[in-house]
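If you want the building blocks of each chain, they are given just below.
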Amino acid sequence: MGGADKYFEEILEIVNTIKLFGDFSDEEVRYLCSYMQCYAAPRECELLTEGDTGDYLLLILTGEVEVVKDIPGKGKQVIAKVGAGTVIGEMSMIDGLPRSASCITGLPSDFAVLTRESLYELLANMPKLGNKVLLKLLQLLTSRFRESSDRFLPKTMGELI
């Protein structure tokens, strides 16, 4: 599909609904788009593969993506379904470790890609915006960590007894 700057208006509409980017100005979004590429994928296309190394994240613009995890003794399980406005793949982009889950389109989907290299360029060329993006990604990661921790930890200390 090409550079994300060609889809600025569509991305701006989506970004304005994303809590993660809620305090970005239109100009900041436009500048960030100049560092991203857009793609389209048909239904049942594997966008990210569990275990692969990854140096990019995806911002889902349209469609639906299933997050699939290979769970020992149970096989591949859909652990989440996400749609427009969701960022996926950010952990591997940041830490360089293998992907923790696969992501497969449940519907035809459009998405924007931000690579680690592009993030480094953004940090070099516009440090204030690059740091803002990093801080937002850190907030996203900690939020997801808290959500997953809450699923596995008892709600009250009484449940431990």
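Look up a bit, the structure's there.
In this text the structure is predicted, and so the values were computed from the model without any measurement. (Residues numbered from 1 in each chain as written. Predicted model: local features only at pLDDT ≥ 70, side-chain atom pairs only at ≥ 80, totals over all residues. Heavy atoms only, no water.)

What to know about unusual backbone geometry
Positive phi is not limited to glycine here, since Glu44 has a value of about 65 degrees. The topology assignment puts Glu44 in the loop between strand E2 (37–41) and strand E3 (46–48). (Helix = DSSP H or I, 4+ residues; strand = E, 2+ residues; numbered from the N terminus.)

Focus: helix H2 (residues 26–33)
Within H2, burial applies to Glu28, Val29, Leu32 and Cys33. Projected down its long axis, H2 shows its buried positions confined to an angular sector of 140 degrees, all on one face. (Buried < 20%, exposed > 50% of the residue type's maximum accessible area, 1.4 Å probe, protein only. Arc of directions from axis to C-beta.)

Focus on the pairing of strand E4 (residues 56–62)
Across the 7 residues that make up E4, a large majority, 5, are buried. In terms of strand pairing, E4 meets strand E9 (residues 109–115) through 6 bridges, oriented antiparallel. Following the sheet pairing, Leu57 is matched in E9 by Leu114. (Pairing = 2+ DSSP bridges.)

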